[in-house]
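Here is how the chains run, residue by residue.
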Amino acid sequence: MTAQRWIRSGMLGLAVGILLFAGAAGGNEGSKRSTGTASQAATKQQDEETERVEGEKRFHTNCSRCHQYPHKFPPRMMATIVRHMRVRATITDEDMRLVLRYMTQ
Ligand code: HEC
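Everything numeric in this text was worked out from a predicted model, so none of it was measured. Residue positions are given per chain, counted from 1 along the sequence in the order it is written. Thresholds applied to this predicted model are a pLDDT of at least 70 for local features of residues and 80 or more for the giving and counting of side-chain atom pairs; totals over whole chains, interfaces and linings are not thresholded and use all residues.

### As for the site of the ligand
Next, step 1: Using a C-beta atom placed from the backbone, a residue is described as near a molecule or strand when that atom lies within 6 Å of it. Taken together, 16 residues surround the ligand, and among them Cys63, Cys66, His71, Met85 and Ala89 come closest.
Next, step 2: Of the residues forming the shell around the ligand, the biggest block, six residues, is contributed by helix α4 (residues 75–89).
Next, step 3: Its residues assigned to classes, the shell around the ligand shows ten nonpolar, three polar and three charged. Put simply, DSSP marks the helices as runs of H or I at least four residues long and the strands as runs of E at least two long, and each gets a number from the N terminus on. Residues are grouped as follows: nonpolar covers Ala, Val, Leu, Ile, Met, Phe, Trp, Tyr, Cys and Pro; charged covers Asp, Glu, Lys and Arg; every other residue, Gly included, is treated as polar.

If you want it as structure tokens, here you go:
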């Protein structure tokens, strides 16, 4: 009985924590974020190769004046790195998304 209640309140706490975290993370992205999620979900497998190629192109256009070839990092690190590099290269959200996809293949 007591244990059950503890578990239940624990679960509630976890759920609230996740919601708060998701809210905070979403807020970070700014207003331009909205376009990505819907189209990302709709992206079919056959489009993935196109996106990878597009990402590679954008890497060469925007990043290769300072970088010769992409370094591979775990996706979570890469997301942070590319966000920093986005400032250096002054690219759009769309560029960043494609470059990130290319670099986390
Ligand atoms: C103006 C030059 C410049 C541009 C443009 C630039 N970077 Fe960087 N990048 C750097 C420098 C300098 C570092 C070294 C780390 C630091 O000082 O922050 C770095 C570090 C990195 C790293 C991690 C460390 C390493 O050596 O690999 C990655 C990955 C990266 N950049 C990717 C990109 C991507 C992707 C783009 C294009 C969106 C880009 N960079 C555009 C200058 C640049």
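There is more to say, and it comes next.
### Quick notes on the environment of Val82
Next, step 1: For Val82, the location among the structural elements is in helix α4.
Next, step 2: As a rule, residues whose C-beta atom has 12 or fewer other C-beta atoms within 10 Å are exposed, those with 20 or more are buried, and those in between are partly exposed; C-beta atoms are placed from the backbone. Classification of Val82 as buried rests on a count of 24 C-beta atoms within 10 Å.
Next, step 3: Counting along the chain gives 19 residues from Val82 to Cys63, while the straight-line C-alpha distance between them is 10.0 Å.
Next, step 4: In this structure Val82 touches Met96, Val99, Leu100 and Met103, once residues within four positions along its chain are discounted. Residue pairs are scored as contacts if the distance between their C-beta atoms, which are placed from the backbone, is within 7 Å.

### Some details on the nonpolar core
Generally speaking, nonpolar side chains in soluble globular proteins are found buried as a group.
Next, step 1: What we call a nonpolar core is a set of buried Ala, Val, Leu, Ile, Met, Phe, Trp, Tyr and Cys residues whose membership is set by joining through C-beta atoms within 7 Å. Core analysis: the largest hydrophobic core is formed by eleven residues, namely Phe59, Cys63, Val82, Met85, Ala89, Ile91, Met96, Leu98, Val99, Tyr102 and Met103.
Next, step 2: Elements represented by at least two residues in this core include exactly α4 and α5 (93–103).
Next, step 3: With five residues, the top contributor of residues to this core is α5.
Next, step 4: Residue contacts for Ala89: discarding those within four places in its chain leaves Asn62 and Cys63.

Without other data, these values stay purely geometric and don't point to any function.
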